[in-house]
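Each chain, letter by letter, is given below.
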Amino acid sequence: MTMENVDTLIIGGGQAGVAMSEHLGRRGVSHLVVERGKIAQRWRAERWDSLVANGPAWHDRFPNLTFQNTDPDGFAPRGQIVEYFESYARQIDMPVRCGVEVLRLSKATDGQAFVAETTEGSILAKNVVVATGPFQKPSFPKIIPDSADVLQMHSKAYKNPQQIPAGGVLVIGAGSSGAQIADELRSAGRDVWLSVGPHDRPPRRYRGRDFVWWLGVLGLWDMKVPGPDTEHVTIAVSGAHGGHTVDFRDLAAKGITLVGRTETFSDGQLSFARDLKKNIQAGDANYLSMLDAADAYVAEHGLDLPEEPEARAIGAFPGCVENPLSTLDLEQAGIKTVIWATGYQLDFSWIDIDVLDARGAPHHERGVSTEPGLYFLGLAWLSRRASPFIWGVWHDADYLGDYIAKHRLALAG
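K.L.:
Which parts of the structure should I look at to understand the sheet that holds strand 8 (residues 151-154)?
P.N.:
What links the strands of a sheet is backbone hydrogen bonding, and the strands pair in either a parallel or an antiparallel sense. Here five strands make up an open sheet; going across it, the order is 8-17-9-10-13 and the pairing parallel. Looking at the sheet topology across the chains shown, the edges are occupied by strand 8 and strand 13 (257-259). Going across the sheet, the axis of each strand differs from the next one's by a mean of 20 degrees, ignoring polarity. Examined bridge by bridge, strand 9 (residues 168-172) and strand 17 (residues 335-340) share five bridges and lie parallel to one another. Looking at strand 17, one finds that L170 is bridged to V338.

Here it is, written out as structure tokens:
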């Protein structure tokens, strides 16, 4: 059987794959991008209709192309993000083959290259960059059995309120996705409950600057993983409605019932941890700590940024927080749908090479794996906090592009 040969194979045509193609192309490294769907497939098919970027357009982009139809301080909607990556791929003349899924990646028999078995045949590559991103396999605990009389879906499958059957909705997970979906459903007239676990709650804007600007000047985008099991901290911040600070008190004021972290299910009843107030207080503390850090930076550098004392006003706890539900009978409450906004897990089960740890995450240093010639890009905390974001992945791709090009020269020399 004839096998196609390429120098470097990039698996994935999303933001990581596009960035990697640019940095290899500008260094003269021949490569091919394969994508199981279309460019930016997850933005197309695995996000809800009204989703917008969580960072402003001036920030959430690559350096060489701006968003054409979004104000720099605005938040690009999902469709424009797809168009952005399509435009960028055309701008760099990205060599991409869409509709090609990699089923298995293994070492070639000579041990000097890799074989990617795809839905369109096999590809032999000297180098492989796995650029499939961090949002691979929906993750949620099997608390509610499939036999329960309620529709369960992951936020990946949620599109809009019209898609959801009549009746109440419980949204589990209070990060950016959970908070926005719960808000949208409530605005559509649904009865909504929101299960709130531990989270960070930064300000959207403070003293005239966006949250992402503060992360930059405070050096927080460059943070490494703070410690074990801290790489998936839930962050509640929103670009919806023109961008706003998420405050769970506001959601409660709209009629959403807040409950604690979801724990168990028995005889039609869900039970919740008695941690709701503690979780919201910790989120408030995180919010205020960001304001403190910003104020200290302004004072230290003598910046002329307007003071904003009203930002420190924290409202009273609503009744559902002061007297939280410990259990909820789904049928009695009229809840017909449960949406799990609980994030994702990595799924590299198709990689038949000894580079994964017990959790299924790759062994790597800044994306350079322990297997020579195999690289990873776009993962959370790949090199720093910024790594999975649009502008952050561009810089990680620059590093890997330089590494791959120099490695090729060393082998040739």
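K.L.:
Honestly, the pairing of strand 17 in this entry has me stumped. Any pointers?
P.N.:
A regular strand places its side chains on the two faces of the sheet in alternate fashion. Most of strand 17 is tucked away, with five of its six residues classed as buried. Note that strand 8 and strand 17 share four bridges and pair parallel. Directly across from L151, in strand 17, lies its bridge partner T337.

K.L.:
Would you mind showing me how to read the pairing of strand 15 (residues 269-272) here?
P.N.:
As judged from the four bridges shared by strand 14 (residues 262-266) and strand 15, these two strands associate in the antiparallel manner. When the sheet's bridge partners are listed, F265 is paired in strand 15 with L270. Connecting strand 14 to the next strand, strand 15, in antiparallel fashion are two residues, including D267 with a positive phi near 50 degrees. Across three bridges, the pairing between strand 15 and strand 16 (residues 327-329) is antiparallel. Residue pairing in the sheet places L270 in a bridge with L328 of strand 16.

K.L.:
Explain the sheet that holds strand 16 here, please?
P.N.:
Spatially, three strands are ordered 14-15-16 in an open sheet, and the strand pairing comes out antiparallel. Edge positions in the sheet fall to strand 14 and strand 16, since each of these pairs with one other strand and no more. Put simply, the sheet's adjacent strands are angled 20 degrees from each other on average, direction ignored.

K.L.:
Looking at this model, I keep getting lost on the packing of aromatic side chains. Mind explaining?
P.N.:
How two aromatic rings sit relative to each other is set out by the distance from centre to centre and by the angle between their planes. Scanning all chains against the criterion turns up 17 aromatic pairs. Ring plane angle 80 degrees and centroid distance 4.9 Å describe the contact between F62 and Y88, whose orientation is recorded as edge-to-face. Within this pair, whereas F62 is found in the loop between helix 2 (41-45) and helix 3 (78-91), its partner Y88 is found in helix 3, the two being separated by 26 residues in sequence. Note on W213 and W214: the rings are 4.8 Å apart at their centroids and 85 degrees apart in plane angle, and the pair reads as edge-to-face. For W213, a relative accessible area of 24% puts it in the partly exposed group. The class for W214 is buried, based on a relative accessible area of 1%. Through pairs of rings, three or more aromatic residues link up here, namely F62, F67, Y84, F85 and Y88. Looking at R201, its charged tip hangs above the ring of Y287, at a distance of 4.7 Å from the centre. One Lys or Arg, R209, reaches over the ring of W213 and ends 5.2 Å from the middle of that ring.

Rules used in this analysis
Residues numbered from 1 in each chain as written. Predicted model: local features only at pLDDT ≥ 70, side-chain atom pairs only at ≥ 80, totals over all residues. Heavy atoms only, no water. Pairing = 2+ DSSP bridges. Helix = DSSP H or I, 4+ residues; strand = E, 2+ residues; numbered from the N terminus. Axes fitted to C-alpha atoms, helices over the stretch in contact; angles between N-to-C directions. Buried < 20%, exposed > 50% of the residue type's maximum accessible area, 1.4 Å probe, protein only. Phe/Tyr/Trp six-rings, centres within 6.5 Å; stacked < 30°, edge-to-face > 60°. Lys NZ or Arg CZ within 6 Å of the ring centre and 35° of its normal.

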